[in-house]
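Structural features, examined
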Amino acid sequence: MIMVRAIIRPDKKDSVLQELSRAGFNAATVVDVVGRGKQNGIKFGDIVYDEIPKSLIMVVIEEAEKDKILDVILRHAKVGENGSFGDGKIFISAIDEVYTVSSGLAGL
Amino acid sequence: MKEIIAVIRMNKVGPTKKALVEAGVAGFTALKAIGRGKVVENIEIIADRKKQLLAKTNPEDPKAEQVATEFLDGRGLFPCRMFTILAHDEQVQTIVQAIIKVNKTQHNVGDGKIFILPLLDAVRVRTNEHGDAAI
């Protein structure tokens, strides 16, 4: 199993979640975060905004479905045809074990 | 070293904190999050809970049934609390069982998930200790 953590634009959150649900990845946890990327935030003259609001979407899936979920997020999280700076990042980490509290059993 | 990420109900935060301390966890981080789970296909599982929820709503509200169903079958996002706990390998099972014990309800669904991730390193900022000593 793997955990996919996608940091995306807050205004793309709803459409990404909707498309994830349609693709069969209904379960997700969403946290509002602030951060900056490689561009070091946004500069307007002397003013620098380096705490830009983003949404962090966490989804845990089977490893075989990785390409499918990446395709959905990459397609719906970007602005414009070729994407723009600030569209976000996707991180993937390993998961050793998963437990469902309702049943107390291991597994998704 | 393992990282335990537990997503649980908002109203179980107090008991969970207590259980974690009893399980010997020194520190944890808690975040407010919103989330949803697997779509519930078997409606019978949520039938009882739906009746309870509908009893609290205005019976003339045409949207009440739809809202209650979406809330219970996992299509809508609802508030939850995300705990991040760092633990030694041998502590993991104790902590997981403690979390499950206090968070389990009679509602069959929506009690949350616990994820266990491998951790490469941890550093205590104050002393620059690495690895297991930092937890």
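Quick caveat, the model's predicted, so the values are computed rather than measured.

1. Some words on the pairing of strand 1 (residues 2-9) of chain B
Residues and elements named next belong to chain B. Across the eight residues that make up strand 1, a large majority, six, are buried. In this sheet, strand 4 (residues 113-118) lies alongside strand 1 in antiparallel orientation, the contact comprising six bridges. Paired with valine 7 across the two strands is lysine 113, which belongs to strand 4.

2. Structural notes on the interface of chain B and chain A
Each partner contributes residues to the interface: chain B has 28 residues there, and chain A has 19 residues. Residue assignment for the side of chain B that touches chain A shows that the elements contributing at least two residues are strand 1, strand 2 (28-36), helix 4 (92-103) and strand 4 of chain B. Partitioned by chemical class, the residues of the side of chain B that touches chain A number 16 nonpolar, six polar and six charged. Bridge count for strand 7 (residues 97-100) of chain A against strand 4 of chain B is four bridges, and the pairing is antiparallel. Within the sheet, the bridge partner assigned to threonine 100 of chain A lies in strand 4 of chain B and is lysine 113 of chain B.

3. Some points on the packing of helix 1 (residues 13-22) of chain B against helix 4 of chain B
Each pair of packed helices gets described by two things: the angle between the helix axes and the distance between those axes. Residues and elements named next belong to chain B. Packing of helix 1 against helix 4 leaves a shortest axis separation of 9 Å and a crossing angle of 150°. In terms of orientation, helix 1 lies roughly antiparallel with respect to helix 4. Regarding helix 1 and helix 4, the two cross each other, and that crossing is right-handed. Each of Pro15, Thr16, Ala19, Leu20 and Glu22 in helix 1 lies in contact with helix 4, whose residues at this interface are Ile95, Ala98, Ile99, Lys101, Val102 and Asn103.

4. Some points on the sheet that holds strand 5 (residues 52-61) of chain A
Hydrogen bonds between backbone atoms are what pair the strands of a sheet, whose relative direction is either parallel or antiparallel. The antiparallel open sheet is built from nine strands, whose spatial order is 6(A)-1(A)-5(A)-2(A)-2(B)-3(B)-1(B)-4(B)-7(A). Lying at the two open borders of the sheet, with one neighbouring strand each, are strand 6 (88-94) and strand 7 of chain A. The average angle at which neighbouring strand axes cross in this sheet is 25°, direction not considered. The pairing of strand 2 of chain B with strand 3 (residues 78-87) of chain B spans eight bridges and is classified as antiparallel. Opposite isoleucine 34 of chain B, over in strand 3 of chain B, you have proline 79 of chain B as the bridge partner.

What counts as what
- Residues numbered from 1 in each chain as written.
- Chains lettered and ligands numbered in written order.
- Predicted model: local features only at pLDDT ≥ 70, side-chain atom pairs only at ≥ 80, totals over all residues.
- Buried ≥ 20, exposed ≤ 12 C-beta atoms within 10 Å, placed from the backbone.
- Helix = DSSP H or I, 4+ residues; strand = E, 2+ residues; numbered from the N terminus.
- Pairing = 2+ DSSP bridges.
- Contact = placed C-beta atoms within 7 Å.
- Nonpolar A, V, L, I, M, F, W, Y, C, P; charged D, E, K, R; others polar.
- Axes fitted to C-alpha atoms, helices over the stretch in contact; angles between N-to-C directions.
- Parallel < 35°, antiparallel > 145°, perpendicular 65-115°, else oblique.
- Left-handed = near helix turned anticlockwise from the far one by under 90°.

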